[in-house]
Amino acid sequence: MANQSETGQTPLNINSVLVIDDHPLFCEALAMTLRDVLELKRIETANSLTKGLDFLKTGFRADAIVLDLNLPDVSGVEGLLKLRAMVPKIPIVIVSALGDSRVITAVITAGAAGFIRKDAPRNDLADAFRKIWNGETYLPEDYNRSVGEPGVTEEMERTVEKLASLTPQQVTILKLICEGKLNKQIAYELSIAETTVKAHITAILRKLGVHSRTQAALLAKEADFSTLIK
């Protein structure tokens, strides 16, 4: 962020940020902009959610995380849900080209600290982080859920809230259920016992308020924005 003599504002106390975005040029440009506007001491980038989680698992202490929704290993709010479950106290800011009301409403409901469109002006980044660091939620000025996409409904919000209650392992298992994997296949892929898979599925059904794997998969797909990604 620009210094106090230029803006009249004290720089934010944000020292480190993790950027998760799979577009190399945009990721590099975003990292450079964040380093400048926030006066960061350290910034790390990852081109997939898996690599981003690995940074956090190895002890990288991020003050904030910037996340794209369109990643090679997750879609929709899945990545946000996994990050929120792993680091619930770190603010996660969504920076995405998917800027319609349905997407914004879903990610804020799932626990994002703010939403910034990828084509937003540079100054918006500084404004967004200042508001988020003051405990506010940052949204685009033209966001108005009441006149947004027809898919923005109270039912969808409740669905995202239920999905947000899942642990990272449960989110992974739910994704595999959506892919049609059987319990035995899920157990093999995750290197866990089949009884453990069954226990997780029971917990997933309970948290989502459904009675079958099919119903759980249908709920999960309500929060999948892959059809909006061009």
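The shown structure was predicted, so the numbers you read here are calculated from the model rather than taken from an experiment.

1. Here's the deal with the overall build of the protein chain
- Scanning the protein chain from terminus to terminus reveals 11 helices and 5 strands.
- Expressed as a percentage of its 230 residues, the buried residues of the protein chain come to 47%.
- Sequence-distant contacts, at least 24 apart, represent 70% of the contacts inside the protein chain between residues at least 6 apart.
- For the protein chain, the computed accessible surface area is about 11,700 Å², with 50% contributed by carbon and sulfur atoms.

2. Brief notes about the packing of aromatic side chains
- Within the structure shown, the criterion is met by 1 aromatic pair.
- Both rings, one in F55 and one in F60, keep their centres 6.3 Å apart while their planes meet at 65°; by these two values the pair is edge-to-face.
- Sitting over the face of the ring of F26, K118 holds its NZ or CZ atom 4.3 Å from the ring centroid.

3. Considering the pattern of salt bridges
- For the structure on display, the rule yields 7 salt bridges.
- As a salt-bridge pair, E78 and K82 come within 3.7 Å of each other at their nearest N and O atoms. Here the residue E78 and the residue K82 both occupy positions in helix α4 (residues 78–86), the gap between them amounting to 4 residues, near one helical turn. An identical accessibility class is assigned to E78 and K82; each is buried.
- With a closest N to O distance of 3.0 Å, K181 and E189 form a salt bridge.
- Among the charged side chains, a network of salt bridges with common partners joins D21, D68 and K118.

Conventions adopted
Residues numbered from 1 in each chain as written. Predicted model: local features only at pLDDT ≥ 70, side-chain atom pairs only at ≥ 80, totals over all residues. Heavy atoms only, no water. Helix = DSSP H or I, 4+ residues; strand = E, 2+ residues; numbered from the N terminus. Buried < 20%, exposed > 50% of the residue type's maximum accessible area, 1.4 Å probe, protein only. Contact = heavy atoms within 4.5 Å. Areas by Shrake-Rupley, 256 points an atom, 1.4 Å probe, with all protein chains shown as cover. Phe/Tyr/Trp six-rings, centres within 6.5 Å; stacked < 30°, edge-to-face > 60°. Lys NZ or Arg CZ within 6 Å of the ring centre and 35° of its normal. Salt bridge = Lys/Arg side-chain N within 4 Å of Asp/Glu carboxyl O.

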